[in-house]
Amino acid sequence: MCGIVGYIGEQEAYPILIKGLHRLEYRGYDSAGVSMINAKHDLNIYKATGKVAALEDKCAAEDTTGNIGIAHTRWATHGEPNTVNAHPHRSQSGNLSLVHNGIIENYKTLRTKLENEGYTFCSDTDTEVLVQLIEYTQKSQQCDLFTAVQRALKHVVGAYAIAILEKENPDQLVCARKGSPLVIGVGTDARGHKEFYLGSDATPIVEYTKQVVYLKDEEIALMDRSGKLEIINLSNVHQTPEMHILSLSLDELEKGGYPHFMLKEIWEQPNALRTCIRGRIHVQAKDVLLSGITDHKEKFLNARRIIICACGTSWHSALIGKYFIEEAAQIPVEVEYASEFRYRNPVIYPDDIVIAVSQSGETADTLAAIQLGEQKGAFLYGICNVIGSSIARATQSGTYIHVGPEIGVASTKAFTGQVTTLCLIGLAIAKEKHTLSDEMYHMLIDELQTIPDKIQWTLENNQGIDQFAQMFTYCRNFLFLGRGYNYPVALEGALKLKEISYIHAEGYPAAEMKHGPIALVDEEMPCVFIAPKRGMYDKVVSNIQEIKSRKGKIISVVTEGDKIVSDMSDYTFVIPDTRDCFVPLLAVIPLQLLSYYVATAKGRNVDQPRNLAKSVTVE
Ligand code: G6P
């Protein structure tokens, strides 16, 4: 979704801003823009639809000089993606330029008021209202920009991260946030001058400095060329900047020889899961150590219920988590789409635990679901990947999945990291509640530790998928079917394929298929069965027969050595044997590869599929 970059210091801003926009491309966007103040105090703004490269082409013949600037990638919400609606937006007098992430809910009311004061608007956006409102406040109240931003934002309802330049004051960069993240990087240039970087996440900052300040909700920051950083909140209280050190490395943000981030991230899964498990399992004692659970042991021992809220792929991992936690820890678990949960007045008790699962930790609906849980007095737990993200900070306890930055829009290693973490959580609760025998507890821990190697095996033993995928580029529909723990895998397989190849795909519980989707089956319809030699194997075999007798094409994920399903299938992917509860961690791997190779064979942009965003910060 939208991205923000900013810089103030002694260096040329434009190359830093453009590089930063490239780093943010993974979030998904449809136009981009940049604004700098040059030595003559001109406030230049350039914008382009499409990719950052188009913006660079446009800027090639322009004056891009200046050592202060802001830049933006826009994912359209209000108004189509064109250069008028793209950010930065300029104020009526031309003195201010502003970029914005988020949505201003009362923008129509504000716009009407400003129109009555003589302001005119050229775009369809809610953002233009902000820049005019700040200018109006500054002029009518005769105050500096920092004060004007603070006063203006008191009238704004909605979510925002903003950065503003003032033509008359090229020594100061002002930014503010509420509900949409902003990170300030504090660096020192080669000549020892202090400089500030700004990003909607840390990716545009990490190559310049590791020292960052995460702006909090309702805070406004002033970055001064002299090196001073001042923060005030909407209630006029000055705040002391809290410095954090980034653990992110630059290597993690690059493709490392892979053609796409998605493929890199698929292959990273063995190591990512080793990191996810490391330190959480005491190998000799065969014990799970999760401080997020043990520090709040009483909450989990007395929990009436767990409610997991999530969106997209994270919702699928939550569903696997439900199956495991209910089985291992004997606590009822409900899994909710965060966007539904937050608006349907759900029953939440003070002895409920609300868990948010979110890779980015910034998904607006998931964050709102947590806030609803907080209002009802439930205990809040976060499962996030991005350290210091809004959900991680809004929850009372939690576990990071620690799989490293995920750049591809289609989630892969975050999914397996979330499933692994949910399994660790289920085991940790089971230990406290004594709901598993010691023998079973130790056996599951032993088995979980073998999963990274088994994923490696799966990656290495399904190498023909790239060739095989070529045959399916013509398909218009796909069906993914699984039962038990593998039903969520079917959902995830279908989501992966539709996200990046734009082929319509449905995931279904294999038995439920008879109640509708079977009507779609003919010789054109590939049906992907997750059919490990475990659990409901015989039942799945019957479901495969039902499809086969209607001439559907069978693609199956089978346990190594399986003959029965392999013989019934047109194509098989193999996985090693494991416990039922861990099969999803292996079975999803060939499905990720299948969607990747079908999409690349169709020439799709797999890392930035159309219309999708990595981090959905609007509801
Ligand atoms: C977007 C992404 C998905 C992701 C979902 C939830 O739709 O494209 O890959 O699963 O958001 O994101 P979260 O960061 O909360 O896990």
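The structure we're discussing is the one just above.
No experiment lies behind these values; they were computed from the predicted model shown.

S.K.: What's the story with the overall build of the chain in this structure? I'm lost.
M.R.: Each helix and strand counted, the chain has 20 helices and 27 strands in total. A compact globule built from 619 residues would reach a C-alpha radius of gyration of about 25 Å, and the chain, at 26 Å, matches this within 12%. Over its C-alpha atoms, taken along the principal directions, the chain stretches across nearly 80 × 55 × 50 Å. Here the chain holds 619 residues, and the buried ones make up 60% of them. Once local pairs closer than 6 in sequence are excluded, the contacts in the chain between residues at least 24 apart make up 71%. Accessible surface, the chain: about 23200 Å² in total, of which carbon and sulfur atoms supply 48%. Computed over 61 positive and 75 negative side-chain charges, the separation of the two mean positions in the chain equals 2 Å.

S.K.: Mind showing me how you'd approach the side chain of Glu 432 here?
M.R.: Its location among the elements puts Glu 432 in helix α14 (residues 413-433). Taking relative accessible area as the criterion, Glu 432 reaches 13% and is therefore assigned buried. Leave out the neighbours within four places in its chain, and Glu 432 touches Thr 294, Lys 297 and Leu 301.

S.K.: Just checking my understanding: could you explain the sheet that holds strand β8 (residues 172-178) for this structure?
M.R.: As a general point, the strands of a sheet are linked pairwise by backbone hydrogen bonds and lie either parallel or antiparallel. Spatial ordering of the open sheet is given by β5-β6-β7-β8-β12-β13-β14, a layout of seven strands whose pairing is antiparallel. Two strands close off the open sheet at either side, each with one partner strand: β5 (89-90) and β14 (238-239). As defined by bridge partners, strand β6 (residues 96-101) adjoins strand β7 (residues 160-166) across six bridges and the pair is classed as antiparallel. Bridge pairing in β7 places His 100 opposite Ile 162. In the packing of helix α4 (residues 127-140) onto the sheet, the strands contacted are β5, β6 and β7, and the crossing angle to β6 comes to about 135°.

S.K.: Got a minute to help me understand the sheet that holds strand β20 (residues 352-358) in this structure?
M.R.: Taken in spatial order, the five strands line up as β19-β18-β20-β21-β22 in an open sheet, and their pairing is parallel. Taken across any chain shown, the strands that pair with only one partner, and hence form the sheet edges, are β19 (333-337) and β22 (397-400). Recorded for the sheet is a direction-independent mean angle of 20° between the axes of neighbouring strands. Both strand β18 (residues 305-310) and β19 contribute to a ladder of five bridges, which runs parallel. Considered in β19, the bridge of Ile 308 is made with Val 335. The sheet strands contacting helix α10 (residues 312-329) are β18, β19 and β20, and the helix crosses β19 at an angle near 170°. Helix α12 (residues 364-375) contacts β18, β20 and β21 (379-384) of the sheet and is inclined by roughly 165° relative to β20.

S.K.: What is the right way to read the site of the ligand from this model?
M.R.: What surrounds the ligand is a group of 13 residues, the closest being Ser 314, Ser 358, Gln 359, Ser 360 and Thr 363. At 3.2 Å from an oxygen atom of the ligand is found a main-chain nitrogen or oxygen belonging to Val 409. Within the backbone of Ala 613, an N or O atom sits 2.8 Å from an oxygen atom of the ligand. When the ligand sits alone it has 390 Å² of accessible area, and the protein chains cover 90% of it. Among the elements that line the shell around the ligand, the one with the most residues is α10, at three residues. Residue classes in the shell around the ligand are distributed as four nonpolar, eight polar and one charged.

S.K.: I'm lost on the packing of aromatic side chains in this one. Help?
M.R.: The geometry of two aromatic rings is summed up by the distance between their centres and the angle between their planes. Applying the stated criterion across every chain, the model contains 15 aromatic pairs. With 4.1 Å between their ring centres and 5° between their planes, Trp 315 and Tyr 337 make a pair best called stacked. Taken as a pair, Trp 315 in helix α10 and Tyr 337 in strand β19 lie far apart in primary sequence, 22 residues in all. Between Tyr 596 and Tyr 597, the aromatic rings sit 5.0 Å apart at their centres with planes inclined by 80°, giving edge-to-face as the arrangement. Of the aromatic side chains, those joined through ring pairs into one cluster are Phe 468, Phe 472, Phe 478, Phe 480, Tyr 571 and Phe 573. Taking NZ or CZ as reference, Arg 304 lies 3.6 Å from the ring centre of Tyr 349, over its face. Its guanidinium or amino end placed over the ring of Tyr 502, Arg 610 lies 4.0 Å from that ring's centre, counting from NZ or CZ.

S.K.: It is not clear to me how the pattern of salt bridges should be interpreted in this structure. Could you clarify?
M.R.: Side-chain pairs of opposite charge can arise where the charged atoms are in close proximity. Taken as a whole, this structure holds 30 salt bridges when the rule is applied. Close ionic contact of Lys 322 with Glu 326 constitutes a salt bridge, the shortest N to O distance being 3.4 Å. Taken together, the residues span about one helical turn, with Lys 322 and Glu 326 both in helix α10 at a distance of four residues. What makes Glu 326 partly exposed here is its relative accessible area of 27%. Taking the shortest distance from any N to any O, the salt bridge between Asp 365 and Arg 342 comes out at 2.5 Å. With a gap of 23 residues between them, Asp 365 in helix α12 and Arg 342 in the loop between α11 (338-341) and β20 connect regions that are remote in the sequence.

S.K.: What is the right way to read helix α17 (residues 486-501) from this model?
M.R.: An α-helix turns once every 3.6 residues. As a result, residues three or four positions apart point the same way. Between the first and last C-alpha of α17 there are 22 Å, a value that for 16 residues agrees with the 22 Å anticipated at 1.5 Å per step. Counting buried positions along α17 yields 15 of 16 residues, so the element is predominantly enclosed. In the segment just after α17, Tyr 502 is the residue with positive phi, at about 65°.

S.K.: Teacher, can you tell me more about the pairing of strand β10 (residues 194-199) here?
M.R.: Here is the key point about a regular strand: its side chains alternate between the two faces of the sheet. Buried residues dominate β10, accounting for five of its six residues. Where strand β1 (residues 3-8) lies against β10, four bridges are found, and the strand directions are antiparallel. When the bridges of β10 are listed, Val 5 appears paired with Gly 199. Judged from the six bridges that link them, strand β9 (residues 183-188) and β10 form a sheet pairing that is antiparallel. Each bridged residue has a counterpart across the sheet, and for Gly 185 the counterpart in β10 is Tyr 197. Counting the residues between successive antiparallel strands, the hairpin from β9 to β10 contains five residues, one of them, Gly 192, with a positive phi of roughly 85°.

S.K.: Just to check I follow, could you spell out unusual backbone geometry for this structure?
M.R.: The bulk of non-glycine residues show a negative phi, and the bulk of peptide bonds are trans. The residue after His 87, namely Pro 88, is reached through a cis peptide bond having omega 0°. Among the secondary structure elements, Pro 88 is positioned in the loop between β4 (68-74) and β5. Even without being a glycine, Glu 218 presents a positive backbone phi close to 65°. Along the polypeptide, Glu 218 turns up in the loop between β11 (211-214) and β12 (219-224).

So, how was this worked out
Numbering of residues starts from 1 in each chain and follows the order in which that chain's sequence is written. pLDDT decides what is reported in this predicted model: residues at 70 or higher carry local features, side-chain atom pairs at 80 or more are listed and counted, and totals for whole chains, interfaces and linings draw on all residues regardless. Hydrogens and water are ignored here; the side-chain numbers use all heavy atoms of the structure. Strands here are runs of E lasting at least two residues and helices are runs of H or I lasting at least four, both read from the DSSP assignment and numbered beginning at the N terminus. For a compact globule the rule gives 2.2 Å times the number of residues to the power 0.38, and the radius of gyration it is set against comes from C-alpha atoms. Three exposure classes are used, based on accessible area relative to the maximum for each residue type with a 1.4 Å probe and protein chains only: buried under 20%, partly exposed in between, and exposed over 50%. Whether two residues are in contact is decided by their heavy atoms, any of which lying within 4.5 Å being enough. Values of accessible area rely on a 1.4 Å probe in the Shrake-Rupley scheme; residue burial ignores everything except the protein chains shown. The positive count covers Lys and Arg only, the negative count covers Asp and Glu only, and His and the chain ends enter neither. Throughout, a charge is located at the NZ atom of Lys, the CZ atom of Arg, the CG atom of Asp or the CD atom of Glu. Pairing between strands is defined by DSSP: at least two bridges between them are needed. Simply put, an axis is a line fit to the C-alpha atoms, just over the touching stretch for a helix, and the angle between two N-to-C directions goes from 0 to 180 degrees. Here, proximity means that at least one heavy atom of the residue falls within 4 Å of the molecule or strand. Between N or O atoms, a polar contact is any pair within 3.5 Å; within protein, one atom must be a potential hydrogen donor and the other a potential acceptor, and residues adjacent in sequence are included only when both atoms are from side chains. In this count, Pro and Cys sit with the nonpolar residues alongside Ala, Val, Leu, Ile, Met, Phe, Trp and Tyr, while Asp, Glu, Lys and Arg are called charged and the others, Gly among them, polar. By convention, a stacked pair of Phe, Tyr or Trp rings (six-membered ring in the case of Trp) has centres within 6.5 Å and planes under 30 degrees apart, an edge-to-face pair has planes over 60 apart, and any other such pair is tilted. For a lysine, the NZ atom is tested; for an arginine, the CZ atom; a charge sits over a ring if that atom is within 6 Å of the ring centre and within 35 degrees of the ring normal. By definition, a salt bridge exists where a carboxyl oxygen of Asp or Glu is found within 4 Å of a side-chain nitrogen of Lys or Arg. In this analysis, the expected span of each helix is defined as 1.5 Å times one less than the number of residues it contains.

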